[in-house]
Amino acid sequence: MEGQQAALKQILRDIGPCLVAFSGGVDSTFLLRMVHDVLAGGATAVTAVSPSLAASEREDAVSLARLIGARHILVPTGEIDDPRYSRNDRARCFYCKAELFRVMRSVAALAPGKAIVYGAITDDLGDDRPGMRAAEQAGARAPLIEAGLSKAMIRMLSRRLGLPTWDKPAMACLASRIPRSVPVTRAALALVERAEAAVRSLGYRQVRVRLHGDGARVELDGEGLRQSAAPLARQRLVTAVLAAGFDQVTIDPLGYRPGGGAP
């Protein structure tokens, strides 16, 4: 792991001052911290703001960039207005990331350097990741992949660095809660955001509220499933999701699983 971290530092020195696509998640926070440290402040974090980014995640990104001491730019992105994105087929992430990198290119002149980096990791290489194709087309680099860093390594290194994200639950854009071929709309994204915020306010950490027919399917991790097993806790959870605007609620007995919303 130390070898991968050393390799990452050299890669970043070779890249030089850059724009970091920054969501405030585990990987992009670690990447921003490393770029900031290695390049003596030569990092500018860029966070895309759109209806698919929960307000709580935007606030976390602002706080984390401030904690690291990096420059931080919030930029609006317009993927929701692209019918190719909103139709929600398997290329959705491509159009989302293409818009992100287009906007990052437009602000590159305002920041030191023109290189763009993002936080893809080795765990991503075995999956179908349209967003990575968009990054390649935009000329964005993935230093964590180049250095051979996995999620487990990044969590361990983040803990050593004192980053509060070292044990942050896995996150994904709100659009990932909408089944394929069901259109992505502002209303649907807002509904999911309200419901997930309501569930988290009850003390659940790893939460997905996915559109499921006319209702919601709630996915929780193992600890969350145990917590919700008590009748009163389950009723509170269901009531919270209904109050957010759903008409029906199912708690998935299989629990949280990445990509659980896409057939």
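Heads up: the structure comes first, above all this text.
Just so you know, these numbers come straight off a predicted model, no measurement behind them.

Visitor: Where do I start with the nonpolar core in this structure?
Guide: Generally speaking, a soluble globular protein has its nonpolar side chains buried in company with each other. One finds V199, V209, L220, L237, V241 and F246 to be the most contacted residues of the largest nonpolar core, which totals 31 residues. Counting residues per element, the ones that place at least two in this core are α5 (92–107), α9 (186–200), β5 (207–212), β6 (215–220) and α11 (231–244). Ranked by residue count, the leading element in this core is α9, at six residues. Excluding residues within four positions of it along the chain, V199 makes contact with Y204, V207, V209, L220, L237 and V241.

Visitor: Would you take a moment to explain the pairing of strand β3 (residues 71–76) for this structure?
Guide: Inspection of the sheet shows strand β2 (residues 43–49) paired to β3 by six bridges, in the parallel sense. Across the sheet, the residue bridging to V46 is I73, located in β3.

Visitor: Help me understand unusual backbone geometry in this model?
Guide: Among all residues except glycine, the phi angle is most often negative; among peptide bonds, the trans geometry is most common. Here the phi dihedral of A40 falls at roughly 50°; this positive angle occurs in a residue that is not glycine. For A40, the location among the structural elements is in the loop between α2 (26–38) and β2. When its relative accessible area of 75% is taken as the criterion, A40 is described as exposed. Positive phi is not limited to glycine here, since N88 has a value of about 65°. Along the chain, N88 turns up in the loop between α4 (83–86) and α5. Looking at N88, the relative accessible area reads 0%, which means it is buried.

Visitor: What is the right way to read α2 from this model?
Guide: Side chains of residues three or four places apart in an α-helix project in the same direction, reflecting 3.6 residues per turn. Given a rise of 1.5 Å per residue, 13 residues ought to cover 18 Å, and the 18 Å separating the end C-alpha atoms of α2 matches this to within 8%. α2 sits mainly inside the fold: ten of its 13 residues count as buried. Once α2 finishes, A40 follows within two positions and takes phi at roughly 50°, a positive value.

Visitor: What is the right way to look at the state of the cysteines in this model?
Guide: Think of a disulfide as a covalent bridge from one cysteine sulfur atom to another cysteine sulfur atom. Per the stated rule, a full pass over the model turns up zero disulfides. Note on C93: no disulfide assigned, nearest cysteine sulfur contributed by C173 at a separation of 5.8 Å. Accessibility expressed as a relative area gives 26% for C93, which makes it partly exposed. Summary of cysteine pairing: C96 is not part of a disulfide, and the nearest cysteine sulfur, belonging to C173, is at 5.8 Å. On the basis of relative accessibility, which here comes to 14%, the residue C96 falls in the buried class.

Visitor: I'm lost on the pattern of salt bridges in this one. Help?
Guide: Pairing of side chains with opposite charge becomes possible as their charged atoms draw close. As enumerated under the stated definition, the model contains 18 salt bridges in all. We note a salt bridge from D82 to R84, for which the minimum N-O separation is 3.0 Å. One salt bridge connects E146 with R141, and the closest N-O pair in it is separated by 2.7 Å. According to the relative accessible area criterion, R141 is partly exposed, its value standing at 34%.

Visitor: How should I be thinking about the packing of aromatic side chains in this particular structure?
Guide: The geometry of two aromatic rings is summed up by the distance between their centres and the angle between their planes. Throughout the structure, instances matching the rule amount to two aromatic pairs. Judged by centre distance (5.3 Å) and plane angle (90°), the rings of F94 and Y95 are edge-to-face. When its relative accessible area of 16% is taken as the criterion, F94 is described as buried. Aromatic pair F101 and Y118: ring centres 5.7 Å apart, planes at 75°, arrangement edge-to-face. Of this pair, F101 sits in helix α5 while Y118 sits in the loop between β4 (115–117) and α6 (130–138), and the two are 17 residues apart along the sequence. Comparing F101 with Y118 shows no difference in burial state: the two are buried. The ring of W166 is capped by R159, whose NZ or CZ atom sits 4.2 Å from the centre of that ring.

Visitor: What is the right way to look at the sheet that holds β4 in this model?
Guide: The strands making up a sheet are joined through hydrogen bonds of the backbone, oriented either antiparallel or parallel. A sheet is described by the order of its strands in space; here four strands give the open sequence β3-β2-β1-β4, paired in parallel fashion. Each edge of the sheet is formed by a strand with only one pairing partner; in this case those strands are β3 and β4. Averaged over all adjacent pairs, the angle separating strand axes in this sheet is 30°, with direction ignored. Contacting β1 (18–21), β2 and β4, α2 runs over the sheet at an angle of about 165° to β1.

Visitor: Got a minute to help me understand the environment of I178 in this structure?
Guide: Assignment of secondary structure puts I178 in the loop between α8 (151–161) and α9. In this structure the C-alpha to C-alpha distance between I178 and D214, which are 36 residues apart in sequence, comes to 12 Å.

Visitor: Quick question: what am I supposed to make of the environment of G162 here?
Guide: Inspection of the secondary structure puts G162 in the loop between α8 and α9. Taking the C-alpha atoms as reference, G162 lies 31 Å from E136; in sequence the two are 26 residues apart.

Parameters and conventions
Residues numbered from 1 in each chain as written. Predicted model: local features only at pLDDT ≥ 70, side-chain atom pairs only at ≥ 80, totals over all residues. Heavy atoms only, no water. Core = buried A, V, L, I, M, F, W, Y, C linked by side-chain atoms within 4.5 Å. Buried < 20%, exposed > 50% of the residue type's maximum accessible area, 1.4 Å probe, protein only. Helix = DSSP H or I, 4+ residues; strand = E, 2+ residues; numbered from the N terminus. Contact = heavy atoms within 4.5 Å. Pairing = 2+ DSSP bridges. Expected span 1.5 Å × (residues − 1). Disulfide = S-S within 2.5 Å. Salt bridge = Lys/Arg side-chain N within 4 Å of Asp/Glu carboxyl O. Phe/Tyr/Trp six-rings, centres within 6.5 Å; stacked < 30°, edge-to-face > 60°. Lys NZ or Arg CZ within 6 Å of the ring centre and 35° of its normal. Axes fitted to C-alpha atoms, helices over the stretch in contact; angles between N-to-C directions.

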